[in-house]
Amino acid sequence: MKKLNYLILSLVVLCFSCCTIFKKEIKKPVVVKIVAPENYASINANVNYVKYVTGSPNDYQNKFIENFMSEGKNTHNVTIDNESQSPDYIIEIKYVNVTEGEFTQTVSDAQSPYNGQNFFLNKVEASCNVNVLDAKTNKQIGFSCSNIKSRQEKIKNTRTLGDLVTGSNKDHKSYHEKSLRSDIAMDLAGDVGRRVWVPITKRIRKSLK
């Protein structure tokens, strides 16, 4: 059991870090300056009933920049100094967008009374876009860096707590909506802030050759 728990913990850690293990190594020290407009985050909830994108644009902007700065500071040989008068690179944050939309999923189970029934589900997505500039020339290095991450509700036929209490749905023919965590939009905003450092480091490494 202990070995199984250790394996599960290792897989969780790997999944958490997999989006940044592809960062390119920066071989020599560089100073990076972050610039951004005052309000660069936006939200778009194109749904009849908003479930997850319940925060303000400023909430998601703060979560994004928190993880963005943390990941940058943890990048080897990168120093973030927003007061520097002579940085090596300038990173322009162009936008962060958090959206919530709807889609339909149909049960396909001939043995279930729910067969053919449509479920209206919600999907949450966060995206960001930044540019990397050579501070000496003020020219953009490569294409813009972006990241997108999303999560969506699902339909499940697993037994719920209510089913276990009443002893129902033992044949798994009853379907229900599996919701997302209430704070999923905030998590996604932070995730893209962390993950976008993968293409950023690639641009910097390429320019150092």
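Residue numbers run consecutively from 1 along every chain, following the written order of its sequence. Restriction of local features to residues with pLDDT of at least 70 applies here, the model being predicted, together with a cutoff of 80 or more for giving and counting side-chain atom pairs; totals for whole chains, interfaces and linings are based on all residues. To get the side-chain values, all heavy atoms of the structure are used, and hydrogens and water are removed first.

K.L.:
What exactly am I supposed to notice about the overall build of the chain here?
P.N.:
Helix and strand labels come from DSSP, where a helix needs a run of H or I of at least four residues and a strand needs a run of E of at least two; each type is numbered from the N terminus. Each helix and strand in the chain was counted, giving five helices and nine strands. Starting at the N terminus, the α and β elements of the chain follow one another as α-β-β-α-β-β-β-β-β-β-α-β-α-α. Here the chain, with 209 residues, has 36% of them falling under the buried criterion. Nonlocal contacts in the chain, meaning residues at least 24 apart in sequence, comprise 75% of its contacts between residues at least 6 apart. Under the scheme applied here, a residue whose accessible area is under 20% of the maximum for its type counts as buried, over 50% as exposed, and between as partly exposed, the area being computed with a 1.4 Å probe on protein chains only. Contacts are assigned to residue pairs that have any heavy atoms within 4.5 Å of one another.

K.L.:
Where do I start with the packing of aromatic side chains in this structure?
P.N.:
Ring geometry is summarised as follows: Phe, Tyr and Trp rings, the Trp one being its six-membered ring, pair when their centres sit within 6.5 Å, and such pairs are stacked at plane angles under 30 degrees, edge-to-face over 60 and tilted between the two. On inspection of all chains with the given rule, the structure shows three aromatic pairs. Ring geometry for tyrosine 40 and phenylalanine 64: centres 6.1 Å apart, planes at 75°, overall edge-to-face. Linking tyrosine 40 in the loop between β1 (30-35) and β2 (41-45) with phenylalanine 64 in helix α2 (residues 57-73), this pair joins segments that are 24 residues apart in sequence. Since its relative accessible area comes to 8%, tyrosine 40 is described here as buried. Ring geometry for phenylalanine 68 against tryptophan 197: centres 5.1 Å apart, planes inclined by 35°, an arrangement best described as tilted. Taken together, the positions of phenylalanine 68 in helix α2 and tryptophan 197 in helix α5 (residues 197-207) put the pair 129 residues apart, joining distant regions of the chain. Looking at tryptophan 197, the relative accessible area reads 0%, which means it is buried.

K.L.:
Before we go on, may I ask you to explain the pairing of strand β5 (residues 118-134) in this structure?
P.N.:
Both faces of the sheet carry side chains from a regular strand, because those side chains alternate between them. A large share of β5 lies buried, amounting to twelve of its 17 residues. Two strands make a pair as long as DSSP finds a minimum of two bridges between them. Sheet analysis places β5 next to strand β7 (residues 145-152), joined by eight bridges and oriented antiparallel. Looking across to β7, one finds that glutamate 125 is bridged to serine 150. With two bridges joining them, β5 and strand β6 (residues 139-140) adopt antiparallel strand pairing. Bridge assignment links aspartate 134 to a residue of β6, and that residue is lysine 139.

K.L.:
What am I meant to see in the confidence of the model for the chain here?
P.N.:
It should be kept in mind that the predicted coordinates are not to be read in detail where pLDDT is low. Chain-level pLDDT for the chain is 88 on average; 88% of the residues reach the 70-or-more range. When the criterion is pLDDT under 50, residues 4-19 qualifies, and its contacts beyond four places in sequence or with other chains add up to four contacts. A score between 0 and 100, pLDDT records how confident the predictor is in each residue.

K.L.:
I keep staring at the packing of α2 against helix α4 (residues 184-195) and nothing clicks. Help me out?
P.N.:
Where α2 contacts α4, the axes come no closer than 7 Å and their chain directions differ by 35°. For the element pair α2 and α4, the recorded crossing hand is right-handed. Of the residues in α4, those touching α2 at Asp59, Tyr60, Lys63, Phe64, Asn67, Phe68 and Glu71 are Ala185, Met186, Ala189, Gly190, Asp191, Val192, Gly193 and Arg194. Whenever a helix is involved, its axis is fitted only over the stretch in contact; in every case the axis is a line through C-alpha atoms, and angles between N-to-C directions fall within 0 to 180 degrees. We call a crossing left-handed when the near helix sits turned anticlockwise from the far one by less than a right angle, and right-handed when that turn is clockwise.

K.L.:
Just to check I follow, could you spell out the packing of α4 against α5 for this structure?
P.N.:
In helix packing, the relevant descriptors are the interaxial angle and the interaxial distance, both defined with respect to the helix axes. Interaxial distance between α4 and α5 falls to 5 Å at its minimum, and their mutual angle equals 15°. Relative to α5, the element α4 is oriented roughly parallel. The segment α4 lies against α5, with Gly193, Arg194 and Arg195 engaging Trp197, Val198 and Pro199. Each residue gets one of three labels, nonpolar for Ala, Val, Leu, Ile, Met, Phe, Trp, Tyr, Cys and Pro, charged for Asp, Glu, Lys and Arg, and polar for the others, Gly among them. Looking at the contact of α4 with α5 residue by residue, the classes come out as three nonpolar, one polar and two charged. Roughly parallel means an angle under 35 degrees; roughly antiparallel, over 145; roughly perpendicular, 65 to 115; everything else is oblique.

K.L.:
Explain the nonpolar core to me, please; I cannot follow it from the model alone.
P.N.:
Soluble globular proteins tend to pack their nonpolar side chains together in the buried interior. Here, the term nonpolar core denotes a set of buried Ala, Val, Leu, Ile, Met, Phe, Trp, Tyr and Cys residues that are joined through side-chain atoms within 4.5 Å. Residues Val32, Ile34, Phe64, Phe68, Ile91, Val124 and Ile200 are the most contacted members of the largest nonpolar core, which totals 36 residues. At the level of secondary structure, the elements contributing two or more residues to this core comprise β1, α2, β3 (78-80), β4 (89-106), β5, α4 and α5. Here phenylalanine 68 is in contact with Ile34, Ile91, Ile93, Gly193, Arg194, Val196, Trp197 and Ile200, once residues within four sequence places are set aside. Ranked by size, the runner-up nonpolar core spans five residues in total, among them Val107, Phe119, Leu121 and Tyr175.

K.L.:
When you look at the environment of serine 179 in this model, what are you seeing that I'm missing?
P.N.:
Structurally, serine 179 is set in the loop between β9 (176-178) and α4. Between the C-alpha atom of serine 179 and that of leucine 121, which follows or precedes it by 58 residues, the distance is 8.6 Å. Not counting chain neighbours up to four residues away, the residues in contact with serine 179 comprise Tyr52 and Glu153. Between N or O atoms, a polar contact is any pair within 3.5 Å; within protein, one atom must be a potential hydrogen donor and the other a potential acceptor, and residues adjacent in sequence are included only when both atoms are from side chains. A distance of 3.4 Å separates the side chain of serine 179 from the side chain of glutamate 177, its partner in a polar contact.

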